[in-house]
Structure formats: C-alpha cells, structure tokens
Amino acid sequence: MYSNELGVLPAVLTGTTIGLLGLYWAIRPTNRLHLSFCVGLACAVSAMSYALLNPLLQAGNFSAAHLRDEIANGHLALRATSLIIGFSFCMIFWRVAHEKAPEYSMGADPEKDLRTMTQEARRGIWTLERAAAQGVLFMVILVGLWVLVIMSRTSTLIAILNWAFLFIVDDFVMSANYIAYRRVGPPKLDAWKIAGCSLGTVVLFVIILFQEFDRWVGWTVLCFTLLIAMVTLFRAAAPFLAAAASNFGIMPEEDDWRPDEEEEVLIENLKRLRDQGVLTEEELSAKLHLVPLLYEHGHRAHEMAAALPEQRS
C-alpha cells in the first residue's frame, strides 16, 4: 500500500536544518538577503526532499496504476515542480547571498549616498533579490500543495492547480535566469504573464484552502501568505524606497539624470593631468575614449588605462 506520509519527517528535518543554516548568511548586513528568504529556502529543500524520498522509500509499491493516479491528481506534476523551482530557488539564494548590499553613510557623505542611490534606482525592480522574494511566495504555496497531498485531499481544482503550477514555475525560472545571467528583466509579455499567473495561483490556492480546511486554518494561512506577498512587494520596491529616503523623496526623471559622479571625477582628473603636462592632448583624447568602457566594464579597464604611461616610459 502506497503511503503519502512516508518521507515527511526526514524532509521536514532536512529543510529546517538548511533553512537555519541559511540564517548564517541572512543576518549579515553586507549582502542582499532578507530573513524571509530563509523560509523559502527551508520550504524549497523540504519540498525537494519529500518529492524524492517519498517514492524512493517505497519503490516496491510504485505501480503503473499508482502512476496513472499521480498523473490524474497532479502529484507527478508537483514532484517535477518541486525539483525545478526548488533547485532554482537554492541557486538564487546562493547568488543573492554573494551580492554586496549598498552602503549609505547616513548623511556623513551626501555625494557618495547620492551616487549609491542613483545606482540602486537604475537597477530597477527586476533584480535577483526581487526574484528570490517572489520565489518565497511560490515555495509557501508549494509546501501547501504538498500538505494537501499528505493529507490525501483530492479534487479537480487541486489537480488543475498542481498542473498549472508547473507551467507557472517554468516562466518564473526563465525570468530568474534572465536576471541572473543577462542582468535584464524578462520581456514585457512574459513579465505580465508571470504577474497575472502569480496572482491567479494565490487566488486559486486560497479558494482551495477554504474548501478543504476550517475557516480558522484558511484565514491563518491566508494571513501568512499575504505577509509573504507584502515582503515580495517591499523587496521589489526597495531600490526606489532607498532612493526616496536618500534625497527626501525628490527623484529626478530618467531624462534628467546626470552621468555617474565617478565618471565625471575621472574626466576631471584626466584633464588636470593634461593641464599639468603629464598627458599630451593625444594621450588625453585616447583616455577619454576609454571612459565609457571604464564606466561599463569596471576596474579592469581602469587598471589597463593607468598602466599605459608606465609602459611608454
């Protein structure tokens, strides 16, 4: 007899342990992690562990008839979803843990704060921490769907959500890859589709909650889900909130933004070297052509430009 309860305890213990270990990175102020991300990490590891352990611990009871039942109930789709989004969320968590958080001087250095604010605002809302925050919401829903499976709750609506969740997760993972590897947001159509499907998933999940459980259970889970959603919205708007806090709510329009202060300082320093006779007009012109490259590609090009006079001597 196949049991949906087998493997629950080791999966929960594994997820809880990994989630607590995630706090080691989340409490560091130098990265962009939020404490709620550890909840998502624990849910992701628990879901992946259960999706694998449950059939492996009772492989002898897994038959063709049971496979047909899993397809009909959406349990097979839920196992695939757990592995896909669980692994992706763990990778996102790891990358966010190694992203440096902005540092503000709290008024001690207003010019530096302004540069930091401008850089944060230009990052937009499609950031890795934004993807992680949305992933936490999906992880909570994923665990909720597994709870329904463990409690042997089945219905047509649950099966629909199990299968629909697989395709929604696929779009989410794709958008997260856009952000992680290309540093750009997904196309507008995909972005609207992700937002609409996420909202539809939450609504359908809430409907199932009130159908399958008592009202107090439904309201408790709903409040927790809304709390996670609020954290998601906050993390999505965090760069703009930080920008507003840095200049008392006065944000320039995109067309009015000046070039980055570091770029202006570099140009002024190069011109000063020309005025002092250290650089010729030709050398200044050559270095000025490098300025956009320095701004886009960072310190490596800066070091190369600084080494040119030494090579000539």
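Residues numbered from 1 in each chain as written. Predicted model: local features only at pLDDT ≥ 70, side-chain atom pairs only at ≥ 80, totals over all residues. Heavy atoms only, no water.

Chemist: Run through the overall build of the protein chain, naming residues and quoting values.
Modeler: Of regular secondary structure, the protein chain possesses 13 helices and zero strands. Across the 313 residues in the protein chain, those meeting the buried criterion constitute 42%. (Helix = DSSP H or I, 4+ residues; strand = E, 2+ residues; numbered from the N terminus. Buried < 20%, exposed > 50% of the residue type's maximum accessible area, 1.4 Å probe, protein only.)

Chemist: I'd like a description of the packing of aromatic side chains, backed by residues and values.
Modeler: Summed over the entire model, instances satisfying the criterion amount to six aromatic pairs. For the ring pair Tyr24 and Trp25, a centre distance of 5.6 Å and an interplane angle of 80° mean the geometry is edge-to-face. The class for Trp25 is partly exposed, based on a relative accessible area of 25%. A centroid spacing of 5.7 Å and a plane angle of 70° characterise the contact between Phe138 and Phe165, whose relative ring orientation is edge-to-face. Taken together, the residues span a long stretch of sequence, with Phe138 in helix H6 (residues 128-150) and Phe165 in helix H7 (residues 156-182) at a distance of 27 residues. Among the aromatic residues, those joined into a cluster by ring pairs are Tyr24, Trp25 and Trp94. (Phe/Tyr/Trp six-rings, centres within 6.5 Å; stacked < 30°, edge-to-face > 60°.)

Chemist: Provide a residue-level description of the pattern of salt bridges, including the pertinent values.
Modeler: Across all of its chains, the model carries four salt bridges by this definition. The partner of Arg153 in a salt bridge is Glu212, and the shortest N-O contact between them spans 3.6 Å. A residue pair is termed long-range when its members are at least 10 positions apart, and Arg153 in the loop between H6 and H7 and Glu212 in helix H8 (residues 188-212) qualify at 59 residues. Take Arg153: its relative accessible area is 24%, and that puts it in the partly exposed class. The partner of Lys193 in a salt bridge is Asp171, and the shortest N-O contact between them spans 3.7 Å. Of this pair, Lys193 sits in helix H8 while Asp171 sits in helix H7, and the two are 22 residues apart along the sequence. Taking relative accessible area as the criterion, Lys193 reaches 36% and is therefore assigned partly exposed. (Salt bridge = Lys/Arg side-chain N within 4 Å of Asp/Glu carboxyl O.)

Chemist: Tell me about the packing of helix H3 (residues 64-73) against helix H4 (residues 75-97), and please be specific about residues and values.
Modeler: Interhelical geometry of H3 versus H4 gives an angle of 75° and a closest axis separation of 5 Å. The angle between the axes of H3 and H4 places the two elements in the roughly perpendicular class. In contact with Leu67, Glu70, Ile71 and Asn73 of H3, H4 contributes His75, Leu76 and Arg79. Of the residues assigned to the contact of H3 with H4, the class counts are three nonpolar, two polar and two charged. (Axes fitted to C-alpha atoms, helices over the stretch in contact; angles between N-to-C directions. Parallel < 35°, antiparallel > 145°, perpendicular 65-115°, else oblique. Contact = heavy atoms within 4.5 Å. Nonpolar A, V, L, I, M, F, W, Y, C, P; charged D, E, K, R; others polar.)

Chemist: Tell me about the packing of H4 against H6, residues and numbers included.
Modeler: Where H4 contacts H6, the axes come no closer than 10 Å and their chain directions differ by 150°. In terms of orientation, H4 and H6 fall into the roughly antiparallel class. Regarding H4 and H6, the two cross each other, and that crossing is left-handed. Between H4, through His75, Leu78, Arg79, Thr81, Ser82, Ile85, Phe89, Ile92, Arg95 and Val96, and H6, the contact on the second element is made entirely by Leu128, Glu129, Ala131, Ala132, Gly135, Val136, Phe138, Met139, Leu142, Leu145, Trp146 and Val149. Residues of the contact of H4 with H6, tallied by class, amount to 15 nonpolar, four polar and three charged. (Left-handed = near helix turned anticlockwise from the far one by under 90°.)

Chemist: Mind laying out the side chain of Ser82, listing which residues take part and the relevant values?
Modeler: Along the chain, the position of Ser82 falls in helix H4. Its relative accessible area of 0% is what places Ser82 among the buried residues. Side chain to side chain, Ser82 and Trp146 meet in a polar contact 2.7 Å long. When sequence neighbours within four positions are dropped, the list of residues in contact with Ser82 reads Ala47, Met48, Ala51, Phe87, Leu142 and Trp146. (Polar contact = N/O pair within 3.5 Å; in protein donor to acceptor, adjacent residues only side chain to side chain.)

Chemist: With reference to specific residues and values, describe the side chain of Ser46.
Modeler: Tracing the backbone shows Ser46 in helix H2 (residues 35-56). A relative accessible area of 16% means that Ser46 is categorised as buried. In this structure Ser46 touches Ala11, Val12, Gly15 and Thr16, once residues within four positions along its chain are discounted.

Chemist: How would you sum up H2? Please name residues and give values.
Modeler: The first and last C-alpha atoms of H2 sit 32 Å apart over 22 residues, in line with the 32 Å expected at 1.5 Å per residue. Counting buried positions along H2 gives 17 out of 22 residues, so the element sits mostly inside the fold. (Expected span 1.5 Å × (residues − 1).)

Chemist: How would you explain unusual backbone geometry if you had to name every residue and give the values?
Modeler: Of note, the phi angle at Ser152 is positive, near 60°, even though the residue is not glycine. Mapping Ser152 onto the fold places it in the loop between H6 and H7. Of the residues examined, Ser152 reaches a relative accessible area of 52% and is grouped as exposed.

Chemist: Any chance you could break down the nonpolar core for me, citing the residues and the numbers?
Modeler: Phe37, Ile92, Met139, Leu142, Leu145 and Trp146 are the most contacted members of the largest nonpolar core, which totals 53 residues. Elements that contribute at least two residues to this core include exactly helix H1 (8-26), H2, H4, H6, H7, H8 and helix H9 (215-246). The residues contacting Trp146, other than those within four sequence positions of it, are Ala47, Tyr50, Ala51, His75, Leu78, Arg79 and Ser82. (Core = buried A, V, L, I, M, F, W, Y, C linked by side-chain atoms within 4.5 Å.)

Chemist: Break down a nonpolar patch on the surface for me, with residues and values.
Modeler: Residues Phe62, Leu67, Ile71, Leu76, Trp163 and Phe167 make up a contiguous nonpolar surface patch of about 510 Å² in total accessible area. Sorting the residues of the nonpolar patch by element identifies H3 and H7 as the ones contributing at least two each. Summarising the element assignment, Leu67 is placed in helix H3. (Patch = residues over 30% accessible without salt bridge, like charges linked within 9 Å, V, L, I, M, F, W, Y side chains within 5 Å. Areas by Shrake-Rupley, 256 points an atom, 1.4 Å probe, with all protein chains shown as cover.)

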